[in-house]
Amino acid sequence: MASIIQTYDLTKRFGKLIAVDHVNFSVNEGEIFGLLGPNGAGKTTTINMLTTLLKPTDGTASILGYDIVKDESMVRRVIGLVPQDLTVDEDLTGRENLMLHARLYHLDKDVAKKRINEVLSLVNLLEFADKKVETYSGGMRKRLELAEGLIHYPKILFLDEPTLGLDVQTRAVIWDYIKQLRKDHHMTIFLTTHYMDEADTLCDRIAIIDYGRIKVIDSPSNLKDSLGGDIIELDLINGINTNMESAFLTIPQVKEVKKEGNHYRIKVMKGEEVLPIIVKRVVERDLRISRVSLIKPTLDQVYLEYTGRLLREIEGSSEDVWRMRRILKRIRA
Amino acid sequence: MIDEIFALIMREVKKWVREPFLILMMIIQPTLWLGLFGKAFNLSGLISIPPEIIKELPPDKTHIISDLFNRILQNTFGGTTDYFTYISAGMLSIVILFTSMFSGMSIVWDRRFGFLNKLLVAPISRCSIIIAKVSFSVLRGIVQALLVFSIALAFGLKLTHNFNLINLLGILTTLLLLSIGLSSLFIAITIRIKSWEAHAAVVNLLNLPLMFASSALFPIKQMPSWLQMIAKFNPISYASDNIRIFILSNEFNMQILLHNFEFLIIFALTFSIVGILVAERMLKFD
């Protein structure tokens, strides 16, 4: 697989703040690549540089071989952007919004008409096409936004927080569209998100970004495996004085055991297979279990591992909060 | 490039004609100005001769005196004794000023709602974005000025008795030149402004001097000399004077007309070129 996006020490400074700090990654053709990080980590800045909206302070990137600084007009031709904000024009109908974009991408009128119907049916908006966007719900606006980004069938589609502020069903629908695009059009998709589940279900590979630096790049499952497996938590009713540690450690898949009173926290590989063996060992010693749980690693834990912080604990800057409120307001309006 | 400019203008036109309320509001304000200000200020009443004085004067002299007063008025108010007619001509330029201010506002909104970013990602020339904004502003300004012109006609604007196509074309050309210059100026000023509050502050600062330090509402001759200095560099003065000439006669003083047009053409050219260049450079994201 050829790499379709390649960054070379991509850097952006705003005054003293380094928003994106010598970032290097490559995205393969036909891949769904996610940039995961909290608000203010530099995700949008990165996407804005890749889509030629911002000039890098240092370093550069190439998109389909075109340099984002030197060949910006070529880059613009091959990419599509679905921004974080809802930018469709409320006073126009869905179809008029798409027609405007088709003309900005210099599509022939007949081609444009055909494309518009195609993208509208892809996002299931055909029946609302001739209604003013004003009357659309937040989810419909986001879908129209997606359709706009697709109008010229870009080679690479950039999605900035594609499901920010949307309800659970709409999010699932948007994820389906994105997967379908990759399948039907072999489109490369670059998205940013601060939702773990989004990165997990959608992306082939993710890059975790924090304070403008890439911490790690890998597939979600590899990242989870890198945590060293599953955790079994065990509470015993009796046997405070009995030490089970050595008994557990004889099981080959067990890597680490921590004991606190009669509470055990055991790090294992292949938790499902090891759990019955552990239970058997306990019963053999005539001890009784009051509670047992198997914890599979999540991207949340991966995130904690690589950044030292839990994603949900990180508060956004006031600018982000304000922006979020504005988006929510428009969605609810 | 023509195609993308046209597409962008069409977007604005669609938005505009679908808001009849806004169009109405934009016309009501100048109409109120005309009605309240233009009708209230009765020039010939201001210096009419009280009846007791007329009685004392020999009848053949009153005619000469009233003729004298009329001449003084005509001389001061550029050829009319009717203040409503005077201010109507100026109000057409003011309408252009107001619509140009709004064209800057629409860029602030487009930036605010992220629409501008979409345009910047599209493979179009950045000049097209600005040219489309200026063109639409010009179109809207002229249409609204013509609407106000017809309202003024209905309310007693006194046209010259042989008003013809040349007069109308003269008015349109004047409005066009003024509109191109002012729209470019306001777009260049507001291109980097991100909040509409800041925009309103900047625009209001320019609005008042442009409006009052001109011959749109009052004759320049009556102003103190320092104000005259400003008014003489104000394109609205030249446009108002020009429109007044075309409304009041068709025996033109070519020297004055040419001088006015010369100023307006230089104004429109300079500001549109400088404005578009500045705006195009400033049309960055951060």
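For the structure itself, look to the data block above.
Structure report, in brief. (Residues numbered from 1 in each chain as written. Chains lettered and ligands numbered in written order. Predicted model: local features only at pLDDT ≥ 70, side-chain atom pairs only at ≥ 80, totals over all residues. Heavy atoms only, no water.)

## Here's the deal with the overall build of chain B
And step 1. Per the secondary structure count, chain B includes 13 helices and 0 strands.
And step 2. Ordered by position from the N terminus, the helices and strands of chain B form the series α-α-α-α-α-α-α-α-α-α-α-α-α.
And step 3. Overall, the C-alpha framework of chain B stretches about 80 × 40 × 35 Å when taken along its three principal axes.
And step 4. The proportion of buried residues among the 286 residues of chain B is 49%.
And step 5. Looking at chain B alone, contacts between residues at least 24 apart form 80% of all its contacts between residues at least 6 apart.
And step 6. Split by element, the accessible area of chain B, about 13,700 Å² in all, is 71% carbon and sulfur.
And step 7. A gap of 9 Å separates the mean positions of the 22 positive and 16 negative side-chain charges of chain B. (Helix = DSSP H or I, 4+ residues; strand = E, 2+ residues; numbered from the N terminus. Buried < 20%, exposed > 50% of the residue type's maximum accessible area, 1.4 Å probe, protein only. Contact = heavy atoms within 4.5 Å. Areas by Shrake-Rupley, 256 points an atom, 1.4 Å probe, with all protein chains shown as cover. Lys, Arg positive; Asp, Glu negative; His and termini not counted. Charge placed at Lys NZ, Arg CZ, Asp CG, Glu CD.)

## So, the overall build of chain A
And step 1. Along chain A, the regular secondary structure elements total 12 helices and 15 strands.
And step 2. The principal-axis extents of the C-alpha atoms in chain A amount to approximately 80 × 45 × 40 Å.
And step 3. Sequence-distant contacts in chain A: of pairs separated by 6 or more residues, those separated by 24 or more amount to 70%.
And step 4. Carbon and sulfur atoms make up 49% of the accessible area of chain A, which totals about 15,200 Å².
And step 5. With 48 positive and 49 negative side-chain charges, chain A shows a separation of 1 Å between the mean positions of the two kinds.

## Here's the deal with helix α6 (residues 83–112) of chain B
Residue and element names in this part refer to chain B.
And step 1. With 30 residues, α6 ought to run about 44 Å at 1.5 Å a step, and its terminal C-alpha atoms sit 43 Å apart, in line with that.
And step 2. Along α6, the sharpest change in direction is near 25 degrees and occurs at Met 91.
And step 3. For α6, a buried count of 27 out of 30 residues is recorded, marking the element as mostly surrounded by other parts of the structure.
And step 4. Positive backbone phi, at 80 degrees, marks Gly 114, one or two positions downstream of α6. (Expected span 1.5 Å × (residues − 1). Bend = angle between axes of the 7 residues up to and from the residue.)

## Quick look at the packing of aromatic side chains
And step 1. Summed over the entire model, instances satisfying the criterion amount to 13 aromatic pairs over all chains.
And step 2. Aromatic side chains A:Phe248 and A:Tyr264 sit 5.6 Å apart centroid to centroid with 85 degrees between the ring planes, which places their arrangement in the edge-to-face category. With A:Phe248 in helix α9 (residues 245–249) and A:Tyr264 in strand β14 (residues 263–268), this residue pair connects regions lying 16 residues apart in the sequence. For the pair shown, A:Phe248 and A:Tyr264 are each scored as buried.
And step 3. Between B:Tyr238 and B:Phe263 the ring centres are 3.8 Å apart and the planes differ by 10 degrees, which places this aromatic pair in the stacked class. Taken as a pair, B:Tyr238 in helix α12 (residues 235–248) and B:Phe263 in helix α13 (residues 254–282) lie far apart in primary sequence, 25 residues in all.
And step 4. Among the aromatic side chains, those forming a connected cluster through ring pairs are A:Phe25, A:Phe33, A:Phe158 and A:Phe190.
And step 5. The ring of A:Tyr195 has A:Arg171 sitting right over it, with the charged end atom 4.2 Å from the ring centre.
And step 6. The ring of B:Tyr86 carries the charged tip of B:Arg244 above its face, separated from the ring centre by 3.6 Å. (Phe/Tyr/Trp six-rings, centres within 6.5 Å; stacked < 30°, edge-to-face > 60°. Lys NZ or Arg CZ within 6 Å of the ring centre and 35° of its normal.)

## Overview of the nonpolar core
And step 1. A:Ile5, A:Leu50, A:Ile63, A:Leu157, A:Phe158, A:Phe190 and B:Ile130 are the most contacted members of the largest nonpolar core, which has 152 residues in total.
And step 2. Among residues more than four places away in sequence, those in contact with A:Leu157 are A:Gly80, A:Leu81, A:Val82, A:Leu146, A:Gly149, A:Leu150, A:Leu181, A:Met187, A:Thr188, A:Ile189 and A:Phe190. (Core = buried A, V, L, I, M, F, W, Y, C linked by side-chain atoms within 4.5 Å.)

## A short note on the sheet that holds strand β7 (residues 79–82) of chain A
All names here are of chain A.
And step 1. Here 6 strands make up an open sheet; going across it, the order is β7-β8-β9-β4-β10-β11 and the pairing mixed. The open sheet is flanked by β7 and β11 (213–218), the only strands paired with a single partner. Ignoring which end each strand starts from, the neighbouring axes of this sheet average 15 degrees apart.
And step 2. Two strands pair when backbone bridges link them, and strand β4 (residues 32–36) and strand β9 (residues 188–193) are joined in this way by 5 bridges, in the parallel orientation. The residue bridging Ile 32 from the neighbouring strand is Ile 189, located in β9.
And step 3. In the packing of helix α6 (residues 168–185) onto the sheet, the strands contacted are β4, β8 (156–160) and β9, and the crossing angle to β9 comes to about 155 degrees. (Pairing = 2+ DSSP bridges. Axes fitted to C-alpha atoms, helices over the stretch in contact; angles between N-to-C directions.)

## Considering the pattern of salt bridges
And step 1. Here the structure, examined in full by the defined rule, presents 31 salt bridges over all chains.
And step 2. B:Arg244 is the salt-bridge partner of B:Asp241, the closest N and O atoms lying 3.4 Å from each other. Here B:Asp241 pairs with B:Arg244, and both are found in helix α12, just 3 residues apart, close to one helical turn.
And step 3. You can call B:Asp241 partly exposed: its relative accessible area is 27%.
And step 4. One connected set of salt bridges, linked through shared partners, spans A:Asp89, A:Asp91, B:Arg11, B:Glu12, B:Lys15, B:Asp110 and B:Lys133. (Salt bridge = Lys/Arg side-chain N within 4 Å of Asp/Glu carboxyl O.)

## Description of the sheet that holds strand β15 (residues 289–295) of chain A
Residue and element names in this part refer to chain A.
And step 1. Across the sheet, which stays open at both edges, the 4 strands sit in the order β13-β14-β12-β15 with antiparallel pairing between neighbours. Pairing within the sheet leaves two strands with one partner each, and these edge strands are β13 (254–260) and β15. Put simply, the sheet's adjacent strands are angled 15 degrees from each other on average, direction ignored.
And step 2. Note that strand β12 (residues 230–236) and β14 share 6 bridges and pair antiparallel. Within β14, the residue paired with Glu 233 across the bridge is Arg 265.
And step 3. On top of the sheet, helix α10 (residues 271–284) reaches β12, β13, β14 and β15; it is set at about 25 degrees to β12, its chief contact.

## Remarks on the environment of A:Gly65
Residue and element names in this part refer to chain A.
And step 1. Relative to the helices and strands, Gly 65 resides in the loop between β5 (58–63) and β6 (66–67).
And step 2. Residue Gly 65 is classed as exposed on the basis of its relative accessible area, which comes to 62%.
And step 3. Separated by 209 residues in sequence, Gly 65 and Val 274 have C-alpha atoms that sit 49 Å apart.

## Overview of the interface of chain B and chain A
And step 1. In this complex, chain B contributes 24 residues to the contact, which on the side of chain A involves 32 residues.
And step 2. Here chain B meets chain A over a buried area of about 2,700 Å², counting both sides, of which 58% is carbon and sulfur.
And step 3. Three residues stand out in chain B for area buried against chain A, namely B:Lys118, B:Val121 and B:Pro123, and they jointly supply 27% of the buried area on that side.
And step 4. Inspection of the chain B/chain A interface yields 8 salt bridges.
And step 5. For the salt bridge of B:Lys15 with A:Asp89, the shortest nitrogen-to-oxygen distance reads 2.8 Å.
And step 6. The tally of links from chain B across to chain A stands at 11 residue pairs in polar contact (both at pLDDT 80 or more).
And step 7. Where the side of chain B that touches chain A is concerned, the elements lending two or more residues are α1 (2–17) and α7 (115–121) of chain B.
And step 8. Broken down by element, the side of chain B that touches chain A gets its largest block of residues, 8 residues, from α1(B).
And step 9. Looking at the side of chain B that touches chain A, its residues break down into 12 nonpolar, 2 polar and 10 charged. (Buried area = accessible area lost by both parts, 1.4 Å probe. Polar contact = N/O pair within 3.5 Å; in protein donor to acceptor, adjacent residues only side chain to side chain. Nonpolar A, V, L, I, M, F, W, Y, C, P; charged D, E, K, R; others polar.)

## Quick notes on a nonpolar patch on the surface
Residue and element names in this part refer to chain B.
And step 1. There is a patch of nonpolar side chains on the surface, built from Phe 21, Leu 24, Met 25, Ile 28, Leu 32, Leu 36, Phe 37, Leu 208, Phe 212 and Phe 218 and spanning about 930 Å² of accessible area.
And step 2. Residue assignment for the nonpolar patch shows that the elements contributing at least two residues are α2 (20–40) and α10 (196–212).
And step 3. The leading source of residues in the nonpolar patch is α2, at 7 residues.
And step 4. Within the secondary structure, Ile 28 is located in helix α2.
And step 5. When its relative accessible area of 35% is taken as the criterion, Ile 28 is described as partly exposed. (Patch = residues over 30% accessible without salt bridge, like charges linked within 9 Å, V, L, I, M, F, W, Y side chains within 5 Å.)

Functional significance is not addressed by these values, which are geometric in nature.
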